[in-house]
Amino acid sequence: MVEMAEKMEVDTPETTQSETPEGVPNLPSALDIPDIVDDGAIIAENSWAIVQMPSDNTKLVQFKANSVVNLGKFGSFHAKDLFGYPFDMPYEVYGDKQVRPASMNIYALDAFDLETEEGTTNKDLVDRREAQKLSQVEIEQMKADSLKGQVPVENLIKTIVENSETFDKKTEFSKAKYIKRKQKKFSKVFTPRRPSARGLCEHFFKDNPRRICELRVDTLSQILTTGNVRSGARYLIVDEAGGLLTCALVERMQGRGEILQLHDHETNNVDLIKHLNLPPSIHNVLKSLPWTRLTPNDDEDMENMLIRTTDETRLDRLRHRILTTRAKRALLYAGGFDGLFIISQYDIKEIIETLSPYLAGSRPVVVYSPYKETMLESFLHLRNSRDFVNAQLTESWIREYQLPTAASGTHPLMRMSGSGGYILSAIRVIDCETHAATARRVRVKNGKVAEVKSTGEEGVEQEHA
Amino acid sequence: MTTTTTAGTFRAYSRHIALGDTVIAYSSPKTITYITVTADGEFCNSYGGFPHSSMIGKEWGSKMPSKTGKGFIYLLYPTPELWTLSLPHRTQILYQPDISFVTALLDLRPGVKMIEAGTGSGSFSHSIARTIAPTGHLYTFEFSRDRYEKANLEFSEHGLGDIITIQHRDVCVDGFDMSDMVDAIFLDLPAPWDALGAAKRAFKRKKVGRICCFSPCMEQVLKTCTALKELGFVEIQMYEVLLRPYDVRKVQKRSFPKLGDAKKGNAGAEKKRKAAEAVSDSDVPGGEKTSGEDHTTTLHVPLNEELITSKPQAEVRGHTSYLTFATLLPQELPVRR
């Protein structure tokens, strides 16, 4: 065992861990980093993509050089065949694990010539298997040909439709539905979407909502505007939604500004960030500090700690870690942050009390929770505090409509998401003693004078209170 | 302390108020107005005067007493959302719930080039500029000469001149005169279908484009959808978005009176309960009172714990507009790079 201080010339501050800026390395700065998120518009080796399948289900996949991407019943393909192609375009699987840009005609199916009389109803419609004139064998043969790329999918669907006896009897609307259904069944067309905060939010909200604290995309969008998220600003964030909120901030900042994350444990679990295909320089923007290191720990005091190694590289690493931690703490203590964002299972009120001193004046605090009850006490705290105004508790509500067609059928979807969570927000203000504030005394019955706390909301004294 | 004029408050956050800045004068959630700070101006409300000169150099968010000391305001930084609540209405405007959702679904972020028509009161324009700055650009079109002139002046006063280009033009008649230029388009027009052909041409040819049409009536939505389909737009989706605000208040959770206690009475507890309710009433901005039945309960109920409750506000906005989104794919097959 070796005393650390004897082995190395470290310019640690004297004795205990005072947070002097001297001797602290400069954290990497985000200046002059180009639009990092937008660099990733082309699929490259190891890119992540949210693959949208013909069924409209999505799958989060990484395109590795040797991997075969399996889309279940829609086929599979070699990932490397997509390298160099743009995201967000339709591609189709064909032949033996082959993939190619899809013909745009697949979308034209919606606009099929549906030349039958208007006003058809389903009165004479009898639903039975024999309604299809093609045999199962013939259909299977066509499907096989389509898979080999010999017959375009839209022709396959058209043939099936033309051979359906009942098709003409269907209403305009159910015809469209029929085509859509066949399209989903036979098409091998998929779209690899470039992961974005919105894409990840929509994917996980369907696939595994618990992973993102049941945060719905419209709610996420409200958080970003309520928090005035913009490029070049500096934000404090507590993100226990897997990093989804952090992803959204990073995307709206595009490498300009600073995000300091406060988190549990030594390493920060913001797993979802990796799906954004960001360059390593993202860590110039994104910094993290564990809750346990808001105050200096024993293992940061190099003079008095026991070091079990003499290996210079490991000692260097240790020294670097300690200095970086100090720098990040100094960053927090310097304050002046432009917003505080919280998704956490901890007591919201305590987090706000701990971090709001580091917020600049007239900057927002925005809290999300899937349960409004966890924020009610904090709401009252913010509303009655002299350090905050405009406390609001809101819930975003969204209704999607069935695609209106020229023929008929415009109405809200039969099923919808019941809740997308709740948002608590307020604006930090700088209180001062005013005559108005000192006049805020009321006489209570027994003659004593009691100070009544200003709610800060009326902007006027209620001397008659 | 700075006394110089800034490039414009809206362009970037600052810590202190400067001459020429737009300041949001906040009195209560429902009393929000704006001030443009001048050297010798004074803001007045019913509680007295607030000289501009005393605002200069103050930190954003500062509480400022009136000269009489009878009241105070908070000097807030003009975020696009606060601006939306205080701006001079020249038209029906877009509010935060729709603005936020459209921003997300059009994939707006720094660097995006986009079109907005019409400009209206500039509510959404300010929000777009915040989100796409510093590398993006907004081309906004307004067909009323008066609104065009006012918005043009406002954008330059707010330091947004390098992010926003405004043109006086009826896009339904004259189009945008732009091709292969933008990533996203937002149409808040009475007849958006008349502008969709021009919109299609304005999109970048080799990129996926996103469009949103904002229409209050279902009839407009149907015509828009038909036009979008005919022009080859795909993934047409339509939504309504609203924000539901909650009222939060404390209520007394009282235990059921035990048999036999009824005659004893509990005047002390009742007094305490009434006092508690008076305080929680005054907490509510707008001074909403508890319903009458709370006061008609028996005197013989012992006071128990407080419960924090919440409920949606009694009357809320029920409809703004339908939001129709669509995607325009590049018209050529993608090539490998």
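Values in this document were obtained by computation on a predicted structure and should not be read as measured data. (Residues numbered from 1 in each chain as written. Chains lettered and ligands numbered in written order. Predicted model: local features only at pLDDT ≥ 70, side-chain atom pairs only at ≥ 80, totals over all residues. Heavy atoms only, no water.)

## Description of the overall build of chain B
The cut-off we apply is this: Each helix is a run of H or I in the DSSP string that is no shorter than four residues. Each strand is a run of E no shorter than two, and both are numbered from the N terminus. Think of it in three bands: residues with accessible area under 20% of the maximum for their type are buried, residues over 50% are exposed, and the middle band is partly exposed, with areas taken using a 1.4 Å probe on protein chains only. In what follows, residue pairs with any heavy atoms lying within 4.5 Å of each other are defined as contacts. Exposure was quantified through the Shrake-Rupley algorithm and a 1.4 Å probe, taking into account, for residues, occlusion by the shown protein chains and nothing else.
What chain B contains, in helices and strands, is eight helices and 14 strands. Burial analysis of chain B (337 residues in total) assigns 52% to the buried set. Contacts in chain B between residues at least 24 apart in sequence constitute 66% of all its contacts with a sequence separation of at least 6. Surface exposure of chain B reaches about 15000 Å², of which carbon and sulfur atoms provide 54%.

## With respect to the sheet that holds strand β1 (residues 22-28) of chain B
Residue and element names in this part refer to chain B. As a reminder, the rule being used: For two strands to pair, DSSP has to find at least two bridges joining them. Lines are fitted to the C-alpha atoms to define the axes, a helix being fitted only along its stretch in contact, and any angle between axes, read from their N-to-C directions, falls within 0 to 180 degrees.
One open sheet accounts for four strands, arranged β2-β1-β6-β5; its pairing is antiparallel. Strands at the two margins of the open sheet, each flanked by one partner only, are β2 (31-36) and β5 (63-65). Strand after strand, the sheet turns through a mean of 35 degrees between neighbouring axes, direction not considered. For β5 and strand β6 (residues 72-76), the ladder comprises three bridges, and the chain directions are antiparallel. By the bridge assignment for β6, P65 is matched with F72.

## What to know about the packing of aromatic side chains
Keep this limit in mind: For this analysis, a ring pair means two rings from Phe, Tyr or Trp (six-membered ring only for Trp) whose centres lie within 6.5 Å, classed as stacked if their planes differ by under 30 degrees, edge-to-face if by over 60, and tilted for the remaining angles.
If you walk through the whole model with that rule in mind, you get 22 aromatic pairs over all chains. When the centroid spacing of 5.5 Å and the interplanar angle of 75 degrees are considered together, the rings of Y235 of chain A and F341 of chain A count as edge-to-face. On the criterion of sequence distance, the pair formed by Y235 of chain A in strand β9 (residues 234-239) and F341 of chain A in strand β13 (residues 340-343) is long-range, its members being 106 residues apart. Judged by relative accessible area, which is 0%, F341 of chain A ranks as buried. An angle of 85 degrees between the planes, with centres 5.3 Å apart, marks the rings of W60 of chain B and Y77 of chain B as edge-to-face. Of this pair, W60 of chain B sits in the loop between β4 (48-51) and β5 while Y77 of chain B sits in the loop between β6 and α1 (80-86); the two residues are 17 residues apart in sequence, bridging distant segments of the chain. As far as burial versus exposure is concerned, W60 of chain B and Y77 of chain B are alike and both buried.

## Observations concerning the interface of chain B and chain A
For clarity, the cut-off: Throughout, buried area stands for the accessible area (probe radius 1.4 Å) lost by two parts on being put together, summed over both. By definition, a salt bridge exists where a carboxyl oxygen of Asp or Glu is found within 4 Å of a side-chain nitrogen of Lys or Arg. In protein, a polar contact means a hydrogen-donor-capable atom and an acceptor-capable atom, both N or O and within 3.5 Å, with residues adjacent in sequence counting only if both atoms are side-chain atoms; elsewhere, any N or O pair within 3.5 Å suffices. Under the grouping applied here, Gly and all other residues not named as nonpolar or charged are polar, the nonpolar ones being Ala, Val, Leu, Ile, Met, Phe, Trp, Tyr, Cys and Pro and the charged ones Asp, Glu, Lys and Arg.
Between chain B and chain A, the contact holds 84 residues from the first and 90 residues from the second. Buried area between chain B and chain A, summed over both chains or domains, comes out near 7400 Å², and the portion from carbon and sulfur atoms is 58%. Sorting the residues of chain B by area buried against chain A places Y13, R109 and R336 of chain B first, and these three jointly supply 10% of that buried surface. Viewed at the interface, chain A and chain B are joined by six salt bridges. Residue E395 of chain A is joined to R244 of chain B by a salt bridge in which the shortest nitrogen-to-oxygen separation is 3.6 Å. Joining chain B to chain A, the criterion identifies 31 residue pairs in polar contact (both at pLDDT 80 or more). Looking at which element gives the most residues to the side of chain B that touches chain A, the answer is strand β12 (residues 234-252) of chain B, with 15 residues. A per-class count over the side of chain B that touches chain A returns 46 nonpolar, 19 polar and 19 charged. For strand β15 (residues 388-401) of chain A and β12 of chain B, the ladder comprises eight bridges, and the chain directions are antiparallel. Paired with E395 of chain A across the strands is R244 of chain B, a residue of β12 of chain B.

## Here's the deal with the environment of H320 of chain A
Looking at the element boundaries, H320 of chain A is found in helix α9 (residues 312-334). When the C-alpha positions of H320 of chain A and Q345 of chain A are compared, they lie 31 Å apart, and in sequence the two are 25 residues distant.

## Focus: the pattern of salt bridges
Tallied over the entire structure, the rule returns 31 salt bridges over all chains. Note that D107 of chain B and R198 of chain A form a salt bridge whose closest N and O atoms lie 3.0 Å from each other. Here D107 of chain B is found in the loop between α2 (96-105) and β7 (113-117), whereas its partner R198 of chain A is found in helix α6 (residues 197-207) on a different chain. Here R211 of chain A and D271 of chain A are joined by a salt bridge, their closest N and O atoms 3.1 Å apart. On the criterion of sequence distance, the pair formed by R211 of chain A in the loop between α6 and α7 (217-226) and D271 of chain A in the loop between β10 (258-263) and β11 (286-290) is long-range, its members being 60 residues apart.

## Regarding helix α11 (residues 373-384) of chain A
Owing to its 3.6 residues per turn, the α-helix aligns residues three or four sequence positions apart on the same side. Inclusion rule: Between the first and last residue of a helix there are one fewer steps than residues, each counted as 1.5 Å, and that sum is the expected span.
With 12 residues, α11 of chain A ought to run about 16 Å at 1.5 Å a step, and its terminal C-alpha atoms sit 18 Å apart, in line with that. The complete set of buried residues in α11 of chain A reads M375, L376, S378, F379, L380, L382, R383 and N384 of chain A.

## Notes on the sheet that holds strand β2 (residues 47-52) of chain A
The pairing of strands in a sheet comes from backbone hydrogen bonds and takes either a parallel or an antiparallel form. Residues and elements named next belong to chain A. Read from one edge to the other, the open sheet built from five strands follows the order β3-β2-β8-β6-β7, with strand pairing classed as antiparallel. At either margin of the open sheet sits one strand with a lone partner, and together these are β3 (58-63) and β7 (98-101). Between one strand axis and the next, the sheet turns through 35 degrees on average, direction left out of account. Where β2 lies against β3, six bridges are found, and the strand directions are antiparallel.

## What to know about the domain arrangement of chain B
Residues and elements named next belong to chain B. Selection criterion: All domain edges in this entry derive from an automatic or database-based domain assignment.
When the domains of chain B are assigned, the result is domain 1 (22-78) and domain 2 (82-243 + 317-328). Put simply, the middle of domain 1 and the middle of domain 2, counted by C-alpha atoms, are 33 Å apart. Each partner contributes to the interface: domain 1 provides seven residues, whereas domain 2 provides six residues. Carbon and sulfur atoms supply 75% of the area buried between domain 1 and domain 2, which totals about 610 Å² over both sides. The interface formed by domain 1 and domain 2 holds zero salt bridges in total. Inspection of the region where domain 1 meets domain 2 yields one residue pair in polar contact (both at pLDDT 80 or more). Of all the elements in the fold, those that place two or more residues in the side of domain 1 that touches domain 2 are β1 and β2. No other element matches β2, which puts three residues into the side of domain 1 that touches domain 2. Its residues placed into classes, the side of domain 1 that touches domain 2 shows five nonpolar, two polar and no charged.

## A few points about the UniProt feature "binding site: S-adenosyl-L-methionine" (unreviewed entry) in chain B
Residues and elements named next belong to chain B. To be explicit about the condition: UniProt positions are given in the numbering used here, feature names are shortened, and annotations may be inferred rather than shown by experiment.
Per the UniProt record, "binding site: S-adenosyl-L-methionine" (unreviewed entry) is found at E142, D170 and D188. Spanning 47 residues, the named residues form one tight spatial group whose C-alpha atoms are at most 12.4 Å apart. Its place among the elements puts D170 in the loop between β9 (164-168) and α5 (171-174). Overall, the relative accessible area of 27% leaves D170 in the partly exposed class. By relative accessible area, which is 26% here, D188 ends up partly exposed.

## Regarding the packing of α7 of chain A against α2 of chain B
Selection rule: Roughly parallel means an angle under 35 degrees; roughly antiparallel means over 145; roughly perpendicular covers 65 to 115; every other angle is labelled oblique.
Where α7 of chain A meets α2 of chain B, the axes come as close as 8 Å, and the angle between the chain directions of the two elements is 110 degrees. Classed by the angle they form, the pair α7 of chain A and α2 of chain B counts as roughly perpendicular. Across the interface between the two elements, V217, D218, S221, Q222, T225 and T226 of chain A from α7 of chain A touch Q96, P97, S100, F101 and A104 of chain B from α2 of chain B. Along the lines of polarity and charge, the residues of the contact of α7 of chain A with α2 of chain B split into four nonpolar, six polar and one charged.

## A look at the nonpolar core
So the rule is basically this: Within this scheme, the nonpolar core is defined by two criteria: the residues are buried Ala, Val, Leu, Ile, Met, Phe, Trp, Tyr or Cys, and they are joined through side-chain atoms within 4.5 Å.
Judged by nonpolar contacts, the single largest core of 92 residues is most densely connected at L249 and F341 of chain A together with F101, L106, M114, F186 and F325 of chain B. Here F186 of chain B is in contact with L94, V102, L106, M114, I115, E116, A117, F124, C212 and F214 of chain B, once residues within four sequence places are set aside. Of all hydrophobic cores here, the second largest spans 33 residues; its members include L262, L355, L376 and L382 of chain A.

## Considerations on the pairing of strand β16 (residues 422-428) of chain A
Residue and element names in this part refer to chain A. Where burial is concerned, most of β16 is hidden: seven out of the seven residues are buried. Two strands pair when backbone bridges link them, and strand β14 (residues 364-369) and β16 are joined in this way by six bridges, in the antiparallel orientation. Residue pairing across strands places P364 opposite I427, the latter belonging to β16. Of the pairings in the sheet, the one linking β15 to β16 comprises six bridges and is antiparallel in character. Following the sheet pairing, V389 is matched in β16 by I427.

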